[in-house]
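Spelled out from the first residue to the last, the chains are:
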Amino acid sequence: MQPIKIYKIGKGIVIQQGDGFFLSKEPDWDKFINRKDLFKKVVEDIKALIADSDLSKIIVNDLIAPIGGQEIWAAGVTYLRSREARMEESKDAGGGDFYAKVYDADRPELFFKAPAYRTVGSGAVVRIRKDSQWNVPEPELTLFICSQGTIEGYTIGNDMSSRDIEGENPLYLPQAKSYNGSAAIGPCLYISEAPIHPDSMIRLEIQRQTELVFSGEISISRMKRKHEELVEYLFRETSFPNGVYLMTGTGIVPPDHFTLKAGDEVKISIENIGTLVNTVR
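Once a new chain begins, its residue numbering starts again from 1 and follows that chain's sequence as written. Since the coordinates come from a predicted model, pLDDT governs what is reported: local features require at least 70, and pairs of side-chain atoms require 80 or more to be given and counted, while whole-chain, interface and lining totals use all residues. In computing side-chain properties, one takes all heavy atoms of the structure into account and sets aside hydrogens as well as water.

**Q** An account of the overall build of the protein is requested, with residue identities and associated values reported.
**A** Helix numbers and strand numbers start at the N terminus; a helix is a DSSP run of H or I with at least 4 residues, a strand a run of E with at least 2. Scanning the protein from terminus to terminus reveals eight helices and 18 strands. Between the two quantities, the radius of gyration covers C-alpha atoms and the globule rule is 2.2 Å times the number of residues to the power 0.38. A compact globule built from 281 residues would reach a C-alpha radius of gyration of about 19 Å, and the protein, at 18 Å, matches this within 12%. Once the C-alpha set of the protein is aligned to its principal axes, its extents read approximately 60 × 45 × 30 Å. Burial classification: accessible surface area is computed with a 1.4 Å probe over protein chains only, and a residue below 20% of its type maximum counts as buried, one above 50% as exposed, and the rest as partly exposed. When burial is assessed residue by residue, the protein has 54% of its 281 residues classed as buried. What makes two residues a contact is simply this: any of their non-hydrogen atoms within 4.5 Å. Long-range contacts, defined here as pairs at least 24 residues apart, represent 73% of the contacts in the protein between residues at least 6 apart. Of the roughly 12800 Å² that the protein leaves accessible, carbon and sulfur atoms contribute 48%. Positive charges come from Lys and Arg, negative ones from Asp and Glu, while His and the chain ends are left out of the count. By convention, the charge on Lys lies at NZ, on Arg at CZ, on Asp at CG and on Glu at CD. For the protein, the separation between the mean place of its 34 positive charges and that of its 40 negative charges on side chains is 2 Å. The Shrake-Rupley method, run with a 1.4 Å probe, gives the accessible areas here. Residue values count only the displayed protein chains as cover.

Listed below in structure tokens is the structure:
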């Protein structure tokens, strides 16, 4: 059965399956997505809806971040490239060993990233901190987990990060990671009968005026930890009444001499989900 994309727009919730676009009868985002066996239930929802091709045009101009009452959490050091980058940026502060140890430890690094009000969608502006000189986007497959703890869908995440602040002292991670405009997700919530294919590629492009200043790609199969493992740790002592988004870490890190600048355009693509596009300010 064809996968489904769920978009949040100003007038409600749009469901896309194949070439068909449908406006959900349920206006409440949290009620709509926070359901176990979401794919099966949305397939049933579609049977009672009438396709409307005009919705495909509305999505282009009225798209907002696919989030309501959810929090965004994030996992760190889940790819070897991320381990190497974190160790390099923190070596002068003596924090490199922390990242080496967490990569191999049983317990993963998990941290709170952003509430909905600090999160933007595709087409919106992400920010770099004014007190930071070394900033990068972190392209990440992002899981949607319902309140019962099951993975129900996927989206694309941009975990904006201030590398110099985190590198100065690992205890500064909340300041390096969580601030206004530091998280972007979208363009949709992707749901399907089966889990996302492990060979799906994540791609990052950074455009500066007319120049492509960085690009990279990696397969999600390169992730050291299983998605279910991350979810199990996240839900051990924490509840999420509206479900939760979990960024799963990055394996694409620009070279150490690179930093984002205001006006840069960041494009993150994941096969089948789409492309998340943001401008830096």
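**Q** Pulling in residues and values, what's your account of the state of the cysteines?
**A** Note on disulfides: each one is a pair of cysteine sulfur atoms within 2.5 Å. Taken as a whole, this structure holds zero disulfides when the rule is applied. Looking at the unpaired cysteine 146, the closest cysteine sulfur is the one in cysteine 188, lying at 18 Å.

**Q** So, the pattern of salt bridges: which residues are in play, and what are the values?
**A** Two side chains carrying opposite charge are able to pair once their charged atoms lie near each other. We define a salt bridge as a contact between a side-chain nitrogen of Lys or Arg and a carboxyl oxygen of Asp or Glu at a distance within 4 Å. The final tally for this structure, using the stated rule, is 12 salt bridges. A salt bridge links lysine 113 to aspartate 159, with the nearest nitrogen and oxygen atoms 2.5 Å apart. Taken as a pair, lysine 113 in strand E6 (residues 109–114) and aspartate 159 in strand E11 (residues 151–159) lie far apart in primary sequence, 46 residues in all. Neither lysine 113 nor aspartate 159 differs from the other in exposure class; each is buried. The residue glutamate 138 makes a salt bridge to lysine 177 at a minimum N-O spacing of 3.1 Å. Of this pair, glutamate 138 sits in the loop between strand E9 (135–136) and strand E10 (139–145) while lysine 177 is found in helix H7 (residues 173–177), placing the two residues 39 residues apart along the sequence. Among the residues examined, glutamate 138 registers a relative accessible area of 5% and is labelled buried.

**Q** Outline the environment of aspartate 62, supporting the account with residue identities and numerical values.
**A** Structurally, aspartate 62 is set in helix H3 (residues 55–62). Residue classification places aspartate 62 among the partly exposed residues on the basis of a relative accessible area of 27%. Sequence separation of aspartate 62 and phenylalanine 240 is 178 residues, and the distance between their C-alpha atoms is 28 Å. In this view, aspartate 62 contacts Lys8, Ile9, Gly10 and Lys11; residues no more than four positions away in its chain are not counted.

**Q** How would you summarise unusual backbone geometry if you had to cite specific residues and measurements?
**A** A cis geometry characterises the amide bond from glycine 186 onward to proline 187, with omega recorded as 0°. Despite not being glycine, valine 77 has its phi angle at roughly 55°, a positive value. Here valine 77 is to be found in the loop between strand E5 (71–76) and helix H4 (80–89).

**Q** Tell me about the packing of aromatic side chains, residues and numbers included.
**A** Geometry of aromatic contacts follows a simple scheme: Phe, Tyr and Trp rings, the Trp one being its six-membered ring, pair when their centres are within 6.5 Å, and the pair is stacked under 30 degrees between planes, edge-to-face over 60, tilted otherwise. Taken as a whole and assessed by the stated rule, the structure comprises five aromatic pairs. Ring geometry for tryptophan 73 against phenylalanine 112: centres 5.9 Å apart, planes inclined by 80°, an arrangement best described as edge-to-face. Residue tryptophan 73 is located in strand E5, and its partner phenylalanine 112 is located in strand E6; the two are separated by 39 residues in the primary sequence. When its relative accessible area of 33% is taken as the criterion, phenylalanine 112 is described as partly exposed. Between phenylalanine 144 and tyrosine 245 the ring centres are 5.4 Å apart and the planes differ by 55°, which places this aromatic pair in the tilted class. Separated by 101 residues along the polypeptide, phenylalanine 144 in strand E10 and tyrosine 245 in strand E16 (residues 244–247) bring together distant segments of the chain. The exposure classification of phenylalanine 144 matches that of tyrosine 245, with both residues buried. Aromatic rings pair up to connect Trp73, Phe112, Phe235 and Phe240 into one cluster. Geometrically, a lysine NZ or arginine CZ counts as sitting over a ring once it is within 6 Å of the ring centre and also within 35 degrees of the ring normal. The positively charged end of arginine 35 is found above the aromatic ring belonging to phenylalanine 32, 4.8 Å away from the centroid. Lying over the aromatic face of tyrosine 103, lysine 224 brings its terminal NZ or CZ to 5.3 Å of the ring centre.

**Q** Now, about the environment of methionine 223: what can you tell me, with residues and values included?
**A** Note that methionine 223 resides in the loop between strand E15 (211–219) and helix H8 (227–234). For methionine 223 and tyrosine 190, which are 33 residues apart along the polypeptide, the C-alpha to C-alpha distance reads 20 Å.

**Q** Quick one: what's the story with the sheet that holds strand E17 (residues 265–270), residue by residue and with numbers?
**A** Here, a strand pair is defined by DSSP locating no fewer than two bridges between the strands. Spatial ordering of the open sheet is given by E8-E18-E17-E14-E15, a layout of five strands whose pairing is mixed. Two strands lie at the open edges of the sheet, namely strand E8 (125–126) and E15, each paired on one side alone. With six bridges connecting them, E17 and strand E18 (residues 274–280) associate as antiparallel partners. Paired with serine 269 across the bridge in E18 is threonine 275.

As far as function goes, none of this settles anything; it's purely spatial.
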